[in-house]
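Now for the letters of each chain:
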Amino acid sequence: MRLLKTTLLAFGLLISIASCSPEESSNDVTTDYQIDLNLATETDWAMADEILQLVNDYRVSIGLNTIKKDKQHASAHAVNHTKYMIEKSEINHDNFHYRTEALKSQGAEKVGENVAYGYNSAERVVTAWLNSPTHKRAIEGDYTHSGFGIIPANNGTYYFTQLFYKR
């Protein structure tokens, strides 16, 4: 996994964002990728819709296709990962290979992921991602669908996982 960490100081908050290369392979053979699809309902769908609109507006402005919202498997896996990051109090791409293989078992050809925390609006997180070369590559990637895990921690700080995939 290629990992880029950027630390920004904005409005007195320390904000870290990270991104992986679009795909990561694993030698682990796991065949049980079942997940509770009800997890997808735990995301902040109002913010997710705003993020998707901003991402799609950007993609259209550079001649790319729009991405469709996945409110099932990708979002359930994104929520699960976001909850994991909240539990650890850090952003990371731990177990990205599992999310990749789980989505591939549902027909995805390739998978990418952006994560972040500390932003309080869709516009701010998308702007930060577009200002980061690796996040921007994911947003500009050859993807057709996206799932979201956007959840505030107990202290109100939002954590974000956006999974991209091509079907």
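Bear in mind the structure is a predicted one, so any value in this text is a computation, not a measurement.

> Explain the packing of helix α1 (residues 45-61) against helix α4 (residues 122-130) to me, please; I cannot follow it from the model alone.
Any two packed helices are characterised by the angle at which their axes cross and by the distance between the axes. At their nearest, the axes of α1 and α4 sit 9 Å apart, and the two run at 40° to each other. Of the possible angle classes, the one that applies to α1 and α4 is oblique. Between α1 and α4 the crossing geometry is right-handed. Residues M47, E50, I51, L54, V55 and Y58 of α1 lie in contact with α4, whose contacting residues are A122, E123, V125, V126, W129 and L130. By residue class, the composition of the contact of α1 with α4 is ten nonpolar, no polar and two charged.

> Honestly, the packing of aromatic side chains in this entry has me stumped. Any pointers?
To describe a pair of aromatic rings, one takes the distance between the centres and the angle between the planes. Under the criterion given, the structure shown has six aromatic pairs. With a centroid separation of 6.5 Å and 80° between ring planes, the pair formed by W129 and F160 is classed as edge-to-face. You can see W129 sitting in helix α4 and its partner F160 sitting in strand β6 (residues 158-166), a full 31 residues away along the chain. Both residues of the pair, W129 and F160, belong to the buried class. Directly above the ring of W45 sits K71, whose terminal nitrogen or CZ lies 4.8 Å from the centroid.

> So what exactly am I meant to see when it comes to the packing of helix α2 (residues 73-88) against helix α3 (residues 96-104) here?
Two elements in contact, α2 and α3, have axes whose closest approach is 10 Å; the angle formed by their N-to-C orientations is 165°. Looking at the two axes, α2 sits roughly antiparallel to α3. The handedness of the crossing between α2 and α3 is right-handed. Contacts from H73, A74, H77 and H81 in α2 reach Y98, R99, A102 and L103 in α3. Considering only residue class, the contact of α2 with α3 consists of four nonpolar, three polar and one charged.

> Sorry, what's going on with the pattern of salt bridges here?
Side chains bearing opposite charge may pair, as long as their charged atoms lie close to each other. One pass over the structure, following the stated rule, counts four salt bridges. E42 is paired through a salt bridge with K83; the nearest N and O atoms lie 2.8 Å apart. Residue E42 is found in the loop between β2 (13-19) and α1, and its partner K83 is found in helix α2; the two are separated by 41 residues along the sequence. Judged by its relative accessible area of 38%, E42 is partly exposed. A salt bridge links K166 to D142, with the shortest nitrogen-to-oxygen separation between them at 2.7 Å. Placement of the pair is K166 in strand β6 and D142 in the loop between α5 (133-139) and β5 (145-152), with a sequence separation of 24 residues. You can call D142 partly exposed: its relative accessible area is 39%.

> Help me understand the pairing of β6 in this model?
A regular strand places its side chains on the two faces of the sheet in alternate fashion. Extensive coverage of β6 is indicated by the burial of eight of its nine residues. Sheet topology places strand β4 (residues 110-117) next to β6; eight bridges connect them, and they run antiparallel. Counted as the bridge partner of K110 is K166 from β6. Bridge count between β5 and β6: eight bridges; the pairing is antiparallel.

How each quantity is defined
- All residue numbers refer to positions counted from 1 along the written sequence of the respective chain.
- Totals for whole chains, interfaces and linings use every residue, but because this is a predicted model, local features are given only for residues with pLDDT of at least 70 and side-chain atom pairs only at 80 or more, for both listing and counting.
- The side-chain figures draw on all heavy atoms in the structure; neither hydrogens nor water molecules are used.
- Note on method: axes are straight lines fitted to C-alpha atoms, helices fitted across the in-contact stretch only, with angles between N-to-C directions ranging 0 to 180 degrees.
- Helix numbering and strand numbering both begin at the N terminus, where a helix is a DSSP run of H or I of at least 4 residues and a strand a DSSP run of E of at least 2.
- Relative orientations are named as follows: roughly parallel for angles under 35 degrees, roughly antiparallel for angles over 145 degrees, roughly perpendicular for angles from 65 to 115 degrees, and oblique for any other angle.
- In this scheme, a crossing is called left-handed if the near helix is turned counterclockwise away from the far one by less than a right angle; it is called right-handed if the turn is clockwise.
- Every residue pair with non-hydrogen atoms within 4.5 Å of one another is taken to be in contact.
- Residue polarity follows a fixed list, in which Ala, Val, Leu, Ile, Met, Phe, Trp, Tyr, Cys and Pro are nonpolar, Asp, Glu, Lys and Arg are charged, and the others, Gly among them, are polar.
- The criterion for an aromatic pair is that two Phe, Tyr or Trp rings (for Trp, the six-membered ring) have centres within 6.5 Å, with stacked assigned to planes under 30 degrees apart, edge-to-face to planes over 60 apart and tilted to the rest.
- Buried means the residue's accessible area, taken with a 1.4 Å probe over protein chains only, is under 20% of the maximum for its type, while exposed means over 50%, and partly exposed covers the values in between.
- A ring is scored as having a charge over it whenever the NZ atom of a lysine or the CZ atom of an arginine sits within 6 Å of its centre and within 35 degrees of its normal.
- Any carboxyl oxygen of Asp or Glu that lies within 4 Å of a side-chain nitrogen of Lys or Arg is treated as forming a salt bridge with it.
- In this description, strands pair whenever DSSP reports at least two bridges between them.

Purely geometric numbers; function is a separate question.
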